[in-house]
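A structural walkthrough
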Amino acid sequence: MTARDYWQYLFGPEFGGVLLFVIGVLRVRRRLSFSLDGVLPLGAVFVALGFAVFGAEHFTSAKDLMRMVPAWMPARLFWTYFVGCALIAAACSLAAGRVVRWSSALAGLMLLLFVLLIHAPGAMRHPHNRFAWTVAARETLFACGAWALTGMLTRAPRLVAVCRVTIALVLLFYAVEHFLHPQFLPGVPLEQQTQPWIPLHSVWGFVEGTALLVCGGLILIGRQARAAATWLAVVTTVLVILLYVPMFVVARKPADVITAINYIADTLLFAGSIMLLADAVPAGRAREAHQPARSGAYSSRRALG
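In short, a report on the structure. (Residues numbered from 1 in each chain as written. Predicted model: local features only at pLDDT ≥ 70, side-chain atom pairs only at ≥ 80, totals over all residues. Heavy atoms only, no water.)

Considerations on the overall build of the chain
Just so we agree on the cut-off: A run of H or I in DSSP becomes a helix once it reaches four residues, and a run of E becomes a strand once it reaches two; helices and strands are each numbered from the N terminus. Note on classification: 1.4 Å probe, protein chains only; a residue is buried when its accessible area is under 20% of the maximum for its type, exposed when over 50%, partly exposed between these limits. Only heavy atoms matter for contacts: two residues are in contact if any of them lie within 4.5 Å across the pair. All accessible areas in this document rest on Shrake-Rupley with a 1.4 Å probe, and a residue is counted as covered only by the protein chains that are shown.
In terms of regular secondary structure, the chain is built from 12 helices and zero strands. Secondary structure elements in the chain, listed N-terminal to C-terminal, are α-α-α-α-α-α-α-α-α-α-α-α. Counting across all 305 residues of the chain, residues that qualify as buried make up 51%. Counting only contacts in the chain whose residues sit at least 6 apart along the sequence, the fraction spanning at least 24 positions is 71%. In the form shown here, the chain has an accessible surface area of approximately 14,100 Å², with 70% of it arising from carbon and sulfur atoms.

Quick look at the structure:
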């Protein structure tokens, strides 16, 4: 890879992710605290970072990503750029806190279409490929995270409940994957293995798997779902800092740098989606059937518009 290629493939995603992250943090800084609810404003910021990175990659790696567009769709390169624009627009909306009702709803719809048109058919064609099912489940979780935010902003508790159950099932599926394959990086169980130079490199999968199992179960039954989702997102974010950021720091080859950036963005998007769900559900089980969200969620609603 030449120096020109390096800047083409890395500068756009890095710059976009960092810029939207800084804008988002500056916007929510007054609402951040060391309390459990005090980290939830970072949910929209993490999602914006992930959307920005992957949106930029739709321009820097358009010809590679174009292959994912179904063959029966015309103008495949156009749809690649269109999705990139849509992701960047959603990232800007979430980071700036403007027209979030529309951006979250449309982003969730777009992600669900990815599942229905690309990932689910691919998984069914290769039913023994666990990574295909992992990606389909991941996009479903991202869609439900966006729609949980929509449900909170529009006071639609049934939509939030559907997102809660769906996300919980994905988390339990991922818990099983972590226990069966603990050598892979924690978070979304994809192909990259934990680096051998990381101490106790197989233990981290069990740590995340345990968090996914316990918190996913609580989220599924609706018992302390808000606290469980928040703790899971915090644990996943800490693992990003401990494992993924060092992987980026020590990367020397451009391909390794790209992989590290993608995994950081993907896992923060995963954690951010869970935070959006946490902000949308109430604090206690008894209140869940009657109220769309507790006071913390209402403050988020005012801030997001």
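Description of helix α6 (residues 130–153)
Formally: What a helix is expected to span follows from its residue count: subtract one and scale by 1.5 Å. Pairing of N or O atoms within 3.5 Å defines a polar contact, subject to two protein rules: one partner must be a possible hydrogen donor and the other a possible acceptor, and residues neighboring in sequence count only if both atoms are side-chain atoms.
Taking 1.5 Å per residue as the helical rise, α6 with its 24 residues ought to reach 34 Å, and the 35 Å between its terminal C-alpha atoms agrees with that figure. Where α6 begins, the side chain of N129 points an oxygen toward the backbone nitrogen of F131, at a separation of 3.0 Å. Among the residues trailing α6, R155 stands out with phi positive, at a value near 55°.

A look at the packing of aromatic side chains
To be explicit about the condition: Here a pair means two rings of Phe, Tyr or Trp (six-membered ring of Trp) with centres within 6.5 Å. Their orientation is stacked below 30 degrees between planes, edge-to-face above 60, and tilted elsewhere.
Tallied over the full model, the rule gives 10 aromatic pairs. Ring centres of F179 and F206 lie 6.2 Å apart, and the angle between their planes is 35°; this geometry places the pair in the tilted category. Within this pair, whereas F179 is found in helix α7 (residues 157–180), its partner F206 is found in helix α8 (residues 203–221), the two being separated by 27 residues in sequence. The exposure class assigned to F179 is partly exposed, which follows from its relative accessible area of 32%.

Quick word on unusual backbone geometry
The phi dihedral of V99 is positive, around 40°, even though this residue is not glycine. Its place among the elements puts V99 in the loop between α4 (76–96) and α5 (100–125).

Focus on the environment of S93
If you trace the backbone, S93 turns up in helix α4. Of the residues examined, S93 reaches a relative accessible area of 8% and is grouped as buried. Along the chain, S93 and G24 lie 69 residues apart, while their C-alpha atoms are 9.7 Å from each other. In contact with S93, not counting residues within four places along its chain, are R98, V99, V100 and S103. Separated by 2.4 Å, the side chain of S93 and the backbone oxygen of R98 make a polar contact.

Focus: the side chain of R130
Relative to the elements of secondary structure, R130 occurs in helix α6. Residue classification places R130 among the buried residues on the basis of a relative accessible area of 17%. One polar contact links R130 to E177, side chain to side chain, over a distance of 2.8 Å. Ignoring anything within four residues of it in the chain, the contact list for R130 reads E177, H181, F184 and P189.

A closer look at the packing of helix α2 (residues 42–60) against helix α10 (residues 254–280)
When two helices pack together, their arrangement is given by the angle between their axes and by how far apart the axes lie. Put simply, the rule reads: Whenever a helix is involved, its axis is fitted only over the stretch in contact; in every case the axis is a line through C-alpha atoms, and angles between N-to-C directions fall within 0 to 180 degrees. Handedness of each helix crossing follows the sense of rotation of the near helix against the far helix: counterclockwise by less than a right angle gives left-handed, clockwise gives right-handed. Each residue gets one label: Ala, Val, Leu, Ile, Met, Phe, Trp, Tyr, Cys and Pro are nonpolar, Asp, Glu, Lys and Arg are charged, and the others, such as Gly, are polar.
Look at α2 against α10: their axes get within 7 Å of each other, and the N-to-C directions meet at 145°. Considering how the two elements wind past one another, α2 and α10 form a crossing that is left-handed. In this structure, α2 contributes L42, G43, A44, F46, V47, L49, G50, F51, V53, F54 and E57 to the contact, and α10 contributes I261, N262, A265, D266, L268, L269, A271, G272, S273, M275 and L276. Partitioned by chemical class, the residues of the contact of α2 with α10 number 15 nonpolar, five polar and two charged.

Let's talk about the environment of A168
Summarising the element assignment, A168 is placed in helix α7. Counting along the chain gives 57 residues from A168 to A225, while the straight-line C-alpha distance between them is 9.6 Å. Once you skip the residues sitting within four places of it in the chain, A168 turns out to touch G216, I219 and L220.

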